Amino acid sequence: MQVKGVVSDDVTIVCVLSACTDLGALELGKWLESYLERKKIPKSVELCNALIDMFAKCGDVDKALELFRQMSFRTIVSWTSVIVGLAMHGRGLEAVSLFDMMIEQRVAPDDVAFIGVLSACSHSGLVNKGHYYFNSMEKNFSIVPKIEHYGCMVDLLSRAGLVKEALEFVQKMPINPNQIIWRSIITACHARGEFKLGESISKKLIRSEPMQESNYVLLSNIYAKLLRWEKKTKVREMMDLKGMKKIPGSTMIELNNEMYEFVAGDKSHNQSKQIYEMMDEMGREIKRAGYVPTTSQVLLDIDEEDKEDALYRHSEKIAIAFSLLNTPPGTPIRLVKNLRVCEDCHSATKFISKVYNREIVVRDRNRFHHFKNGVCSCKDFW
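An unreviewed UniProt entry annotates the chain as DYW domain-containing protein of Arachis hypogaea. Per UniProt, the chain carries the Sequence similarities (unreviewed entry) text "Belongs to the PPR family. PCMP-H subfamily."

1. Some details on the pattern of salt bridges
For the coordinates displayed, the defined rule picks out 16 salt bridges. Its salt-bridge partner being Asp62, residue Arg91 comes within 3.0 Å of it at the nearest N-O pair. Taken as a pair, Arg91 in the loop between helix H5 (76-88) and helix H6 (92-104) and Asp62 in helix H4 (residues 61-70) lie far apart in primary sequence, 29 residues in all. Lys146 is paired through a salt bridge with Asp111; the nearest N and O atoms lie 2.8 Å apart. One end of the pair, Lys146, is in the loop between helix H8 (127-141) and helix H9 (147-159); the other, Asp111, is in helix H7 (residues 111-124), and 35 residues separate them in sequence. Connected through shared salt-bridge partners, Glu33, Lys63 and Glu66 make up one network.

2. Observations concerning the sheet that holds strand S6 (residues 375-376)
Within the open sheet, the six strands sit side by side as S2-S1-S3-S4-S5-S6. Their pairing is mixed. Each edge of the open sheet is held by one strand with a lone partner, namely strand S2 (258-263) and S6. As judged from the two bridges shared by strand S5 (residues 368-372) and S6, these two strands associate in the antiparallel manner. Counted as the bridge partner of Lys372 is Val375 from S6.

3. Brief notes about the packing of helix H3 (residues 45-57) against H4
Axis separation between H3 and H4 bottoms out at 7 Å; the angle between their running directions is 160 degrees. Judged on the interaxial angle alone, H4 and H3 are roughly antiparallel. Crossing geometry of H3 relative to H4 is assigned as left-handed. Contacts between H3 and H4 pair Leu51, Ile52, Phe55 and Ala56 from the former with Val61, Lys63, Ala64, Leu67 and Phe68 from the latter.

4. Examining the pairing of strand S1 (residues 250-255)
Within S1, six of the six residues are buried, leaving the element largely enclosed by the surrounding structure. By the alternation rule, side chains of S1 split into Ser250, Met252 and Glu254 and Thr251, Ile253 and Leu255, which are all buried. Note: S1 against S2, six bridges, orientation antiparallel. Along S2, the bridge assignment pairs Leu255 with Glu258. Direction of pairing for S1 relative to strand S3 (residues 333-337): antiparallel, over a ladder of three bridges. The residue of S3 that forms the bridge with Thr251 is Lys337.

5. Some details on unusual backbone geometry
Even without being a glycine, Arg106 presents a positive backbone phi close to 60 degrees. Of note, Arg106 is situated in the loop between H6 and H7. Owing to a relative accessible area of 78%, Arg106 belongs among the exposed residues under this scheme. Positioned with a positive phi, Ser142 is a non-glycine residue whose angle comes to about 55 degrees. Structurally, the position occupied by Ser142 is in the loop between H8 and H9.

6. Structural notes on the packing of H9 against helix H10 (residues 163-171)
Two quantities define a packed helix pair, namely the angle between the helix axes and the distance between the axes. Contact geometry of H9 with H10 gives a least axis separation of 8 Å together with a crossing angle of 160 degrees. As far as their axial angle goes, H10 and H9 are roughly antiparallel. Here H9 and H10 pass one another in a crossing that is right-handed. Here H9 contributes Tyr150, Met153, Val154, Leu157 and Ser158 to the contact with H10, which in turn contributes Glu165, Ala166, Phe169 and Val170. Classifying every residue of the contact of H9 with H10 by side-chain character gives seven nonpolar, one polar and one charged.

7. Observations concerning the packing of aromatic side chains
Scanning all chains against the criterion turns up twelve aromatic pairs. Ring geometry for Phe262 and Phe322: centres 5.2 Å apart, planes at 55 degrees, overall tilted. On the criterion of sequence distance, the pair formed by Phe262 in strand S2 and Phe322 in helix H17 (residues 315-326) is long-range, its members being 60 residues apart. Residue class for Phe262 comes out buried when judged on its relative accessible area of 2%. We classify Phe322 as buried; its relative accessible area is 2%.

About the thresholds
- Residues numbered from 1 in each chain as written.
- Predicted model: local features only at pLDDT ≥ 70, side-chain atom pairs only at ≥ 80, totals over all residues.
- Heavy atoms only, no water.
- UniProt positions renumbered as here; feature names shortened; annotations may be inferred.
- Salt bridge = Lys/Arg side-chain N within 4 Å of Asp/Glu carboxyl O.
- Helix = DSSP H or I, 4+ residues; strand = E, 2+ residues; numbered from the N terminus.
- Pairing = 2+ DSSP bridges.
- Axes fitted to C-alpha atoms, helices over the stretch in contact; angles between N-to-C directions.
- Parallel < 35°, antiparallel > 145°, perpendicular 65-115°, else oblique.
- Left-handed = near helix turned anticlockwise from the far one by under 90°.
- Contact = heavy atoms within 4.5 Å.
- Buried < 20%, exposed > 50% of the residue type's maximum accessible area, 1.4 Å probe, protein only.
- Nonpolar A, V, L, I, M, F, W, Y, C, P; charged D, E, K, R; others polar.
- Phe/Tyr/Trp six-rings, centres within 6.5 Å; stacked < 30°, edge-to-face > 60°.

Shown next, in the form of structure tokens:
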């Protein structure tokens, strides 16, 4: 469009901002904001909302808040975009405060706003607040909770380690729980050592959804934690027979207006030799600082040395090494991962942020992790 001299309008920019949001392309999103100023394109409410959503989901939630505060007129979408953004970044107290402010200003929350505030409570461990908002939906606002709201509550209880309470909540639900809710409980069982319960629910899920690969992966991971390698192998064989494969982990990074994607064990990049040398250096330096590999995360029946090597090849470690090689010292590193970050990479990234004096922002499937000076913003890893 630019080459042909076609002038963009706010609808065009909203579409491109949506693409930036999906990719986590913050620098391109910033360029689009400056493009708006240069071309004097009027900032409609929809365009402002898209900018807020982009900044929040690309890792700069403070900029999203700044834009929100500058708006003279806000819709429920404006409020919800910021609340959801704060929730993703683990800033639950701020999200809750904003939700309360919205109600004080007589902006009626909708069901999406409640998903945002319940998600904020979940990511920040605000169990009592979560119960309060959930109960207020029907009582104060005549909004009948949907399956997504029940899912948020199960996630809240599960993340807080209240697995039995989460199960009781599910059993008392007036609507049938969906598979996402059951998978939340299985993940909690895996994290909290409730392996028998997790195994039982996983088997039920497989019976009800025989072609959903994530059900088999959950059961396989439980058997690996229990060191039942024969049963784990049988589950993987069942997946192969049905033609199902585990989704490979990948990590994207934006650098000099280009997106780079790495998968586990990736050696396709033309800097591959330097990247792996940097990874070797990273491994030595963080071990010297106190890092101990979490080899229980490697769900294979191999020896400890091989497990360390398998962890070392995870996609986010490759992306971090690539970034350390290609960005100035002290500058932030921003990554987007397609799956949930594993416990070992979470631990290693904390040490990398301290050893190399870098802020590392990781957007995974569930939320943002801000690593700085050896600490992560998330309340609890799982």
